[in-house]
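Commentary on secondary and tertiary structure
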Amino acid sequence: MFFARFGYWSLPCLFFVFFLFWGVFYLILAKSDAIIEKTKNSKLFFLFNLILSIIFSSAMFAGVDNLLSFNSFYLNFLIFIAVILVCLLILKRGAKILNKVNLVFVPIMIILFLLLLSSKSSFTLPLYESEISGWSFFYSIMYVALNTSNGCVMIASLGQGLTNRQKARVSFISALVLMLILMFVNIILLQHPMALSLEMPLLMLFDGCQGLAMKIIIAVGCSTTLFSLIYTSSFLVRGLCNNEFLNFVISIILPSLLSLLGFGFIVTYLYPMASIMGIFVLFDLIFLKNSDKKIKLKPRKGL
C-alpha cells in the first residue's frame, strides 16, 4: 500500500527494501542481549521505544475500530471489551500466549489474504505511473525504520537463545516473505490506482463476501500486531517499575485513548515522526556492543 504511490518505480525499490529488512533483522537478532539490556539501562532508548510502541498501538486500535465498526453500539462495545481482555491476557501471560496465537493465525491469514488478492490480479492492466517516483528509495529507508524500530524489543526477545546460523536464516526468510507479500500487494494496487487515496485501499477492491473476508483478515492482522506492541510496551514499563496498574494505563489505556484521533490522522501526522525516531533507534543499534550477559525475559506477574 505504501509503495504503490510511487508508481512502477516501487518494484525495483522493493528489492532494496528486502536487503534493508534482512540487514536490520539480523542486526537486531545478533545484538538481542545487548538490546534487552539497553532498554533497562538507557532512559533515552527506553523512551524512544515506548513512544514508538504507543503510537503504533494507537494506530492498530484505530484500525481494528474502523474495520469492525457496526451500526450496533452494543456490538461495537463488546468487540472493544474483547480486544481489551486479550490485551490484559498478554500483560498477564507475556510472549507465550502471543507466540501461540501468531503461529496459528498468521500463516492462515497470509494464505487467505494472498488468495483473495490473486482474484484481482491481471496481466493486461497497465501499471500506475507516479510523479513522485524519485522519492521511492528515500521513503524505503523511512518505511523499514518505521516497521522495525517499533518491534525492536520483540524481535530481540525472540532472538535470545538462537545460534548465529539460526539468526541468519530467520532474518533472511523473514525479509524474503515480507518482500514477496509487499511485491504482490504493490502490483495489485498499481493496477488499481484509484484505491490509493483511501485510508485502507485494499478494501475498495472487494465487496460482498470477499469484502467481509478481507475486512476480517486485515482486522486479525491489526489485532496480532497490536498484541505484539502491547507486549513490547508492558516489557518496557516493567523495566522502569513494577506497578501493574501503571503498566495497564501506559500499555493499553493510553494508546486506546490516542486512537480516538483516528487511523488517518495517526498515519498522516504521527507515523512520519515515528519514522524519524526509528532511524535514530536503528542508528544507535549499529554502534551498540553486544553484551556478555545473558538477560532472559522473566515471566510476568498478572494484574
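Residues numbered from 1 in each chain as written. Predicted model: local features only at pLDDT ≥ 70, side-chain atom pairs only at ≥ 80, totals over all residues. Heavy atoms only, no water.

Counting its regular elements, the protein chain contains 11 helices and zero strands. Residue pairs in contact within the protein chain that sit at least 24 positions apart in sequence constitute 87% of those at least 6 positions apart. Within the structure as shown, the protein chain displays about 15,900 Å² of accessible surface, and the carbon and sulfur contribution to it stands at 70%. (Helix = DSSP H or I, 4+ residues; strand = E, 2+ residues; numbered from the N terminus. Contact = heavy atoms within 4.5 Å. Areas by Shrake-Rupley, 256 points an atom, 1.4 Å probe, with all protein chains shown as cover.)

Looking now at the side chain of Lys167. Residue position: Lys167 is located in helix α8 (residues 164–191). Buried Lys167, no salt bridge; nearest opposite-charge side chain is Asp33, N-O distance 5.6 Å. (Buried < 20%, exposed > 50% of the residue type's maximum accessible area, 1.4 Å probe, protein only. Lys, Arg positive; Asp, Glu negative; His and termini not counted. Salt bridge = Lys/Arg side-chain N within 4 Å of Asp/Glu carboxyl O.)

A few words now on the pattern of salt bridges. Evaluated as defined, the whole model comprises two salt bridges. Taking the shortest distance from any N to any O, the salt bridge between Lys38 and Asp284 comes out at 2.5 Å. Taken as a pair, Lys38 in helix α2 (residues 32–41) and Asp284 in helix α11 (residues 263–286) lie far apart in primary sequence, 246 residues in all. By relative accessible area, which is 17% here, Lys38 ends up buried. The salt bridge involving Glu244 is made with Arg238; its shortest N-O contact spans 2.9 Å.

When two helices pack together, their arrangement is given by the angle between the helix axes and the distance between those axes. Running from N to C, α2 and helix α7 (residues 152–159) cross one another at 130°; their axes reach a closest spacing of 8 Å. In terms of orientation, α2 and α7 fall into the oblique class. Judged by the sense of rotation from one axis to the other, the crossing of α2 with α7 is left-handed. Mapping the contact onto sequence places Ser32, Ile35, Ile36 and Thr39 in α2 and Cys152, Val153, Ala156, Ser157 and Gly159 in α7. A per-class count over the contact of α2 with α7 returns five nonpolar, four polar and no charged. (Axes fitted to C-alpha atoms, helices over the stretch in contact; angles between N-to-C directions. Parallel < 35°, antiparallel > 145°, perpendicular 65-115°, else oblique. Left-handed = near helix turned anticlockwise from the far one by under 90°. Nonpolar A, V, L, I, M, F, W, Y, C, P; charged D, E, K, R; others polar.)

Under the criterion given, the structure shown has 10 aromatic pairs. Plain terms: the ring middles of Phe21 and Phe25 are 5.4 Å apart, the flat faces sit at 25° to each other, and that makes the pair stacked. With Phe21 and Phe25 both in helix α1 (residues 10–30) and four residues apart, the pair spans about one turn of that helix. Accessibility assignment for this pair places Phe21 and Phe25 in one class, buried. Each ring, one from Phe138 and one from Tyr139, has its centre 5.3 Å from the other, and the planes form 80°; the classification is edge-to-face. One aromatic cluster is present, built from ring pairs that chain together Phe18, Phe19, Trp22 and Phe172. The cationic tip of Lys120 hangs over the ring face of Phe206; the distance from NZ or CZ to the ring centre is 5.4 Å. (Phe/Tyr/Trp six-rings, centres within 6.5 Å; stacked < 30°, edge-to-face > 60°. Lys NZ or Arg CZ within 6 Å of the ring centre and 35° of its normal.)

Averaged over the protein chain, the pLDDT score is 82; the fraction of residues at 70 or greater is 87%. Taken as a whole, residues 292–303 scores under 50 in pLDDT and shows 28 contacts with residues more than four places along the chain or in a different chain. (pLDDT = per-residue confidence, 0-100.)

Attention now goes to the environment of Asn76. Position of Asn76 relative to the elements: it lies in helix α4 (residues 73–93). Classification of Asn76 as partly exposed rests on a relative accessible area of 23%. Residues Asn76 and Asp65, spaced 11 residues apart in sequence, show a C-alpha to C-alpha distance of 8.1 Å.

Right, let's get into a nonpolar patch on the surface. Taken together, the side chains of Phe19, Trp22, Tyr26, Phe172, Ile173, Leu176, Val177 and Leu180 make up a nonpolar region of the molecular surface, amounting to roughly 700 Å² of accessible area. In terms of residues, the nonpolar patch owes the most to one element, α8, which gives five residues. By secondary structure assignment, the location of Leu180 is in helix α8. (Patch = residues over 30% accessible without salt bridge, like charges linked within 9 Å, V, L, I, M, F, W, Y side chains within 5 Å.)

Another point: the environment of Leu258. Inspection of the secondary structure assignment puts Leu258 in helix α10 (residues 244–258). Classification of Leu258 as partly exposed rests on a relative accessible area of 25%. In this structure the C-alpha to C-alpha distance between Leu258 and Phe61, which are 197 residues apart in sequence, comes to 8.9 Å. Not counting residues up to four positions away in its chain, the partners in contact with Leu258 are Ile54, Ser58, Ile266 and Leu270.

Time to look at helix α6 (residues 136–149). One full turn of an α-helix is made of 3.6 residues, so residues set three or four places apart face in the same direction. Along its 14 residues, α6 runs 20 Å from first to last C-alpha, staying within 8% of the 20 Å computed at 1.5 Å per residue. Buried within α6 we find Ser136, Ser140, Met142, Tyr143, Val144, Ala145, Leu146, Thr148 and Ser149. Looking at the packing, one finds that the buried side of α6 touches α1, α3 (43–67), α7, α8 and α11. (Expected span 1.5 Å × (residues − 1).)

Moving on, we get to α3. The end-to-end C-alpha distance of α3, which contains 25 residues, comes to 36 Å, matching closely the 36 Å that a straight helix rising 1.5 Å per residue would cover. Counting buried positions over the 25 residues of α3 gives 18, a clear majority of the element.

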